[in-house]
Amino acid sequence: MATIEPTASGLSAHSHTEHAGTHQIGFIRKYIFSTDHKVIGIQFLITTLLMMMVGGALALGVRWKLAFPDTPMPFVGEWLFSSQGGQITPEFYTMLFTMHATVMTFLVVIPILAGAFGNFLIPLMIGADDMAFPKLNMFSYWFMIPAIAFFGFSMADPNAGPAAGWTAYPVLSALAESAPGSQTAQTWWLLGLTCVGVSSMMGSINYLTTIINMRAPGLTMFRLPLTIWAMFITAILQAFALPVLTAAGFMLLADRVFGTCFFIPAGIVVNNADPTVGGGQPLLWQHLFWFYSHPAVYIMLLPAMGMVSDMLSTMSRKPVFGYRPMVYSMSAIAGLGFLVWGHHMFTSGMNPMIGMTFMVSTMLIALPSAIKTFNWLATIWGGKPEFNTVFLNCVAFVSMFVVGGLSGIFMASVPTDVYFHDTYFIVAHFHYVLFGATLFGVFGAIQYWFPKMFARKMSEGLGQLHFLLTFIGFNGTFFPMHMLGIGGMPRRYADPYIHPYLEHFLPMNQLMTYSAMLMGFAQFILLFNFLYSIKFGKKVGRNPWNANTLEWAAPSPPPHGNFDVQPVCYHGPYEYSHPDWNGRDYLMQTDESMEVALAAEAGSSKDQEVST
């Protein structure tokens, strides 16, 4: 265990004394247009949880159509589709899967990781009093609101909602005549996407600046928790990849609104409209879109990897196995993520030599991913795990990531991808990685850091019930999709059963839909547990998990400025269960040594007895 003499070189530019004395500010300034990173993080968290329910409802609409294609949609079918006998129309179906993917990707998974937990945890875990740019931080949240409004307008468009999928490939998304949902709805969709992009860029600049410049004294880069390393690497990905998609979005908007021809080829005739002019290239959009959107997969995954690493170490009472290899692996995953976008385009007529290059670089990602997986297992091995909600969700994260990673190998290989690319096998892989893995990590993180947010614990019984139902519902929904894909069932068909060779998949689709309903119901348990525990959860102190990282040295909930005194870091974040310790089994980063920690603990207990 290394120790150092703390220096002032890492002191925050916003020193603690600047925040001495809480500002007397009104409710709106304090809780609505707040510049406090903790409030902004909780704003992101509540907003994204609500959006998760919206995205889930859209998914249930998709599942209903696939399981019961000739049956009226429950509750809203007669109102929305009275002329169709209450059945979902094909146009509405395309809107459902487009907006489900849009909401879950851009309004749930990305902002709940980087927006909610990034905002709440980064200053606390590095010993800073706030973000480097608090007002920019506030704007990063408020740019989400017009994005939600624009996406809402696109869904409510009287002609039909956006129909080009979340990838918005031209010419379907570029020509207003190509489909009912390609008219104004697609323009609203692009405006929403642009706002989300601006929001994420604001956040990434803030995170990078804060982590580089505002770490506590003694907190070197290789004493950072893996959560912060993951947020740091994710911010780099966002800063370099997101401008490409934002620029592409503006170009597509210009094609639709101003008549430019970036993505529209000449001479295309769609639905008896006049032939198009210009000489644009539809494939250019695919290159620009996937140059961002493949790194975006890791933007949606790396923060969860970091958080799960921290939670597994705490719950197993063991140091993270291979701390530096974990950092290098995350860096390698991020770096390779910029080189593999072409594997999404194997079926676009790509030169086989270029396809081979993308195939090899994609398969290389398996190496750092495997290092992380084995290190998580080695962290648990030989530990003293407590099988609580946090630990169960973390293990589910690792398990689902392994399943999703193994199925991804088939998409990395050109010959198998050509067969699987347009089938439900892709849907299964995507959801195992980005829903199964990421959201189980998020569910564990909510349970783990809830005491720091509200000084109370969430109900353990409700947490385990939510985990159990979600785990069963998730696997019942998505695992059979592998079989559908192998059987050749194409995705995005409103009624696949018009093809006789797919009729026998109907019972399997019905089972998947019942499982999806179970999973959707389970999320109400999570919401109830979250809201109920804010008021009635069991009260806890600063460090209910006996963890080591800096946020647990702050009061719960942390006040304005976060810490009582400027924290000083003496060692790494994973000092657990040292064989020479005869007292407690953890040593916080702020404790100079175990003897000092025990003496401080004894003094604190004595003070409490006197006050009692």
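Just so it is clear, the structure is predicted and the values come from calculations on it, not from any experiment. (Residues numbered from 1 in each chain as written. Predicted model: local features only at pLDDT ≥ 70, side-chain atom pairs only at ≥ 80, totals over all residues. Heavy atoms only, no water.)

Notes on the overall build of the chain
A count of helical and extended segments in the chain gives 19 helices and two strands. Compactness check: the chain gives a C-alpha radius of gyration of 25 Å against a globular reference of 25 Å for 612 residues, within 12% of the reference. Put simply, the chain has 612 residues, and 59% of those count as buried. Within the chain, contacts between residues separated by at least 24 positions form 78% of all contacts whose residues are at least 6 apart in sequence. Within the structure as shown, the chain displays about 24300 Å² of accessible surface, and the carbon and sulfur contribution to it stands at 69%. (Helix = DSSP H or I, 4+ residues; strand = E, 2+ residues; numbered from the N terminus. Rg over C-alpha atoms; globule rule 2.2 N^0.38 Å. Buried < 20%, exposed > 50% of the residue type's maximum accessible area, 1.4 Å probe, protein only. Contact = heavy atoms within 4.5 Å. Areas by Shrake-Rupley, 256 points an atom, 1.4 Å probe, with all protein chains shown as cover.)

What to know about the UniProt feature "domain: Cytochrome oxidase subunit I profile" (unreviewed entry) in the chain
Sites flagged by UniProt as "domain: Cytochrome oxidase subunit I profile" (unreviewed entry) map to residues 27-570. Counting secondary structure, residues 27-570 comes out at 66% helix and 1% strand; the distance between its end C-alpha atoms is 38 Å. (UniProt positions renumbered as here; feature names shortened; annotations may be inferred.)

Considerations on the packing of aromatic side chains
Pairs of aromatic rings are described using the distance from one ring centre to the other and the angle between the two planes. With the rule as written, the count across this model stands at 55 aromatic pairs. Geometrically, the ring pair formed by Y323 and Y574 is tilted, given 5.9 Å between the ring centres and 55° between the ring planes. Of the two residues, Y323 is situated in helix 11 (residues 323-337) and Y574 in the loop between strand 2 (538-539) and helix 19 (594-611); the sequence distance between them amounts to 251 residues. For the pair formed by Y323 and Y574, the shared burial category is buried. Ring-pair connections join several aromatic residues into one group, and the members of that group are Y432, F435, F440, F443, F467, F471, F474, F478 and F479. In this structure, R324 is placed above the aromatic ring of F222, and the distance from its NZ or CZ to the ring centre is 4.0 Å. Here K457 stacks its cationic end above the ring of W545, 4.3 Å away from the centre of that ring. (Phe/Tyr/Trp six-rings, centres within 6.5 Å; stacked < 30°, edge-to-face > 60°. Lys NZ or Arg CZ within 6 Å of the ring centre and 35° of its normal.)

Overview of the packing of helix 2 (residues 37-67) against helix 4 (residues 90-126)
Contact geometry for helix 2 and helix 4: axes closest at 7 Å, N-to-C directions at 160°. For the element pair helix 2 / helix 4, the angle class is roughly antiparallel. Between helix 2 and helix 4 lies a crossing of left-handed hand. Considering only residue class, the contact of helix 2 with helix 4 consists of 26 nonpolar, nine polar and two charged. (Axes fitted to C-alpha atoms, helices over the stretch in contact; angles between N-to-C directions. Parallel < 35°, antiparallel > 145°, perpendicular 65-115°, else oblique. Left-handed = near helix turned anticlockwise from the far one by under 90°. Nonpolar A, V, L, I, M, F, W, Y, C, P; charged D, E, K, R; others polar.)

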